[in-house]
Number of protein chains: 2
Amino acid sequence: MNEPRERRRSTGRITLADVARTAGVSPITVSRALRGERAVDPELVARVQAAVQALGYVPDPAARALASRHGSHVAVLIPLLSNALFVDLLEAVQREMRPAGYQTLIGITHYDENEEEQLLREQLMHRPAGLIVTGFDRNAAAHALIDRSGVPCVHVMETSPQPGVHCVGFSQADAGAALTRHLIARGRRRIAFAAAQLDPRTLQRLQGWQQALQAAGLQAPELACLDPAPSSLALGGRMFEQILAAHPDVDAIFFCNDDLAQGALLAALRLGVAVPGRVAVAGFNDLTGSDQMLPALTTVRTPRAAIGTHAARMLLALIRGTPPAGGCIDLGYELVVRASS
Amino acid sequence: MNEPRERRRSTGRITLADVARTAGVSPITVSRALRGERAVDPELVARVQAAVQALGYVPDPAARALASRHGSHVAVLIPLLSNALFVDLLEAVQREMRPAGYQTLIGITHYDENEEEQLLREQLMHRPAGLIVTGFDRNAAAHALIDRSGVPCVHVMETSPQPGVHCVGFSQADAGAALTRHLIARGRRRIAFAAAQLDPRTLQRLQGWQQALQAAGLQAPELACLDPAPSSLALGGRMFEQILAAHPDVDAIFFCNDDLAQGALLAALRLGVAVPGRVAVAGFNDLTGSDQMLPALTTVRTPRAAIGTHAARMLLALIRGTPPAGGCIDLGYELVVRASS
DNA sequence: CTGAAAGCGCTTACAG
DNA sequence: CTGAAAGCGCTTACAG
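Within every chain, residues take consecutive numbers counted from 1 along the sequence as written. To read the labels, note that chains go from A and ligands from 1, taken in the order they are written. Given that the model is predicted, a residue must reach a pLDDT of at least 70 before its local features are reported, and side-chain atom pairs must reach 80 or more before they are shown or counted; all residues, however, enter totals for whole chains, interfaces and linings. The side-chain numbers reported here are obtained from all heavy atoms of the structure, hydrogens and water having been left aside.

Going by an unreviewed UniProt entry, chain A carries the name LacI family transcriptional regulator and comes from Sphaerotilus hippei.

Here's what the structure looks like:
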């Protein structure tokens, strides 16, 4: 009898084959039982599970990915982590994905087209099971990468009427218009719009502001204060000063993000400008701290956690091949009127 | 002659074997040339690279992971993403890791021992090349998982004299003591410490506060205001009110995190309490907005970005098997004195 | 400095 | 409902 040849590279790891042996079934049956795929005799499933328990078997994701040609993770591309908006979104996505057995890989684009394209390339080479991206604006190469990859993709934060795309979000333009109409209803007539970063969603809010003013016969293009620099409290404070200096008749300012508006409120305190007496101030997103400001900040509450949850569920459905209910979900927004307007 | 048997499961993907064929070398030489491993004839390397370019070859991480028994990613465990501290840390880690070819997988523990253990289990089953964890406090099972995994691990945010462990951070206790001494030097005598969350690092700052007071003969255990709830602006405001109500003689409050202190400053404005006239206020971490507050907030600047950078480099060295310079790096902290104290 | 062979631990596709 | 065979695309360990 031949001596059994020694295995050359054994890792000592407990494998699916070990489970199969102790359960007295074939490896493929173990594989199917574990993934809940197709029908497997309940009794065999029980035996497999017992063996898994007894041996402490843990599947190897790399082997699984190699054999099945896609990983057990999803990639999420967001612009920043320093905006609490995206942190809330991410946490919600992870909360759905982890129990479903998917890891979440985060890519931060810094609002940069080229970084996003590069990131997409890297992520896609890891063969994610699914993809979540922010909005619809990206360069042609990035679009092509997504399309050609065949990886299911959900777009978040915006909505689109385009058929075939999957998205979860709300109308940024409508939300911007609604906030502007609120200011008009409060009797404001010279309403400025102050924005930083100038990403697509900010510009959509800008459009909403324009439309609402136009509808009321109050249009004032000179009151759009646009700065491509990153959003921050300090910048908001500076914008507040500049706008009041340049346009003393302004009686309301709509900031495209709460951090700018918070900075403006702080600057108003510093400068002794009465809010809302002299000028009303409003923000967007209802970030943490806005309800604590003095005066408390009027803003638009955006459903980012719900967006994350729904986007994850939609992606899971796409991954499983069960078509999700509807291609595009509009989760709306909520006007939060506080003392600053 | 036999008909060449058709390949059964070809994916159409360009593989290392394809590159080898067009470069006219063996697959293993391609593998070595691409990874820059050992010596390979420069001319062959050039031929391989040309073939890679021509074919648009992209290595498959799953196959690589399966063959080499560890992934091309590192896992990072942090408590929260809603504290800007950890966002800065993460961004710095990613900035080092991506160019080195490693993806960063983020796990959020929510300051929960069991969640951390579970997360560790999941992450480790994905065989990361390296691991970064926050601090040293975790349950025995989590410790054992890290040790037994054999995965190189760097601890961040704290320092430890223990030999054999790798860490990058600073002394939280020293920083807490330094801030307290500053308040004492400013003539404050009844100095309260207000903390939320009560995670290990917060409690280390508490110790620093105690030591500094004791050294000055000012100890006042009744002035430690500890709340296990998550840190927030609103909670800081409430704590501010409570402390002044319960201890009217308090003349300074040291909040364990800037968000609490910012909330306190806002509450002071609301209540008409003079800061620093009636009571000095200080925070910790120098988070965004602290310099914009009214008055601007005295705090301790913590080097989280530098911690991320150094931790990533240390981990890279451990992964490559080159022992890093020193097991533990203390990056210190910086007192930032502003108008609130 | 280079290579032929074997293997990493799973799943797919084909049968029955 | 179950299985034997082949293969996913790399790297390790052994030679030379």
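Caption draft 1: How the structure looks around the interface of chain A and chain B. Throughout, a residue-residue contact means that at least one pair of heavy atoms, one from each residue, lies within 4.5 Å. With 45 residues of chain A at the contact, the number on the chain B side is 45 residues. In total, about 4,200 Å² of surface goes out of reach between chain A and chain B, with carbon and sulfur atoms giving 58% of it. Among the residues chain A hides against chain B, the three largest losses belong to Arg98, Gln103 and Gln292 of chain A. Together they make up 16% of the total. A side-chain nitrogen of Lys or Arg and a carboxyl oxygen of Asp or Glu constitute a salt bridge if their distance falls within 4 Å. At the junction of chain A and chain B, the tally comes to six salt bridges. The term buried area means the drop in 1.4 Å probe accessible area that two parts suffer when joined, counted for both and summed.

Caption draft 2: Inspection of the domain arrangement of chain A at higher detail. Residues and elements named next belong to chain A. Under the domain assignment, chain A is made up of domain 1 (16-59), domain 2 (72-170 + 305-332) and domain 3 (172-301). Each domain's limits were defined by an automated method or a database of domain assignments. With centres defined by C-alpha atoms, the gap from domain 2 to domain 3 works out at 29 Å. Taken together, the contact between domain 2 and domain 3 spans 11 residues of the former and 11 residues of the latter. Across the domain 2 to domain 3 interface the summed buried area is about 910 Å²; carbon plus sulfur atoms make up 56%.

Caption draft 3: Local environment of the sheet that holds strand E9 (residues 280-282) of chain A. All names here are of chain A. In this scheme, strands are said to pair when DSSP sees at least two bridges between them. Strands here are runs of E lasting at least two residues and helices are runs of H or I lasting at least four, both read from the DSSP assignment and numbered beginning at the N terminus. Taken in spatial order, the four strands make up an open sheet running E7-E6-E8-E9, and their pairing is parallel. The open sheet has two edge strands with one neighbour each: strand E7 (224-227) and E9. With direction set aside, neighbouring strand axes in the sheet form an average angle of 15 degrees. Two strands pair when backbone bridges link them, and strand E6 (residues 191-196) and strand E8 (residues 252-255) are joined in this way by four bridges, in the parallel orientation. Note that in E8 the partner of Ala194 across the bridge is Phe255. Here, axes are lines fitted to C-alpha atoms. For helices the fit covers the stretch in contact, and angles between N-to-C directions go from 0 to 180 degrees. Together, E6, E7 and E8 form the strand contacts of helix H9 (residues 200-215), whose direction differs from that of E6 by roughly 175 degrees.

Caption draft 4: Region of the structure containing the pattern of salt bridges. Enumeration over the complete set of coordinates arrives at 32 salt bridges over all chains. Notably, a salt bridge pairs Arg98 of chain A with Glu122 of chain B, separated by 3.1 Å at the nearest N-O pair. Taken together, the positions of Arg98 of chain A in the loop between helix H5 (84-97) and strand E2 (103-108) and Glu122 of chain B in helix H6 (residues 113-125) put the pair across two chains. By relative accessible area, which is 22% here, Glu122 of chain B ends up partly exposed. A salt bridge links Arg138 of chain A to Glu116 of chain A; the nearest nitrogen and oxygen atoms lie 2.8 Å apart. Taken as a pair, Arg138 of chain A in the loop between strand E3 (130-134) and helix H7 (140-149) and Glu116 of chain A in helix H6 (residues 113-125) lie far apart in primary sequence, 22 residues in all. Per-residue accessibility, obtained with a 1.4 Å probe over protein chains only, is compared with the maximum for each type, and a residue is labelled buried under 20%, exposed over 50%, and partly exposed between these values.

Caption draft 5: Molecular detail of the pairing of E3 of chain A. Residue and element names in this part refer to chain A. Along E3, five of the five residues are buried, which leaves the element largely enclosed by surrounding structure. With burial as the criterion, each face of E3 is covered, one bearing Gly130, Ile132 and Thr134 and the other bearing Leu131 and Val133. With four bridges connecting them, strand E1 (residues 73-78) and E3 associate as parallel partners. Directly across from Ala75, in E3, lies its bridge partner Leu131. Bridge count between E3 and strand E4 (residues 153-157): four bridges; the pairing is parallel. By the bridge assignment for E4, Ile132 is matched with Val154. With H7 bridging E3 and the parallel E4, this β-α-β connection has right-handed handedness. Orient the strands so they point away from the viewer, and a crossover whose first-strand-to-second-strand path over the helix runs clockwise is right-handed.

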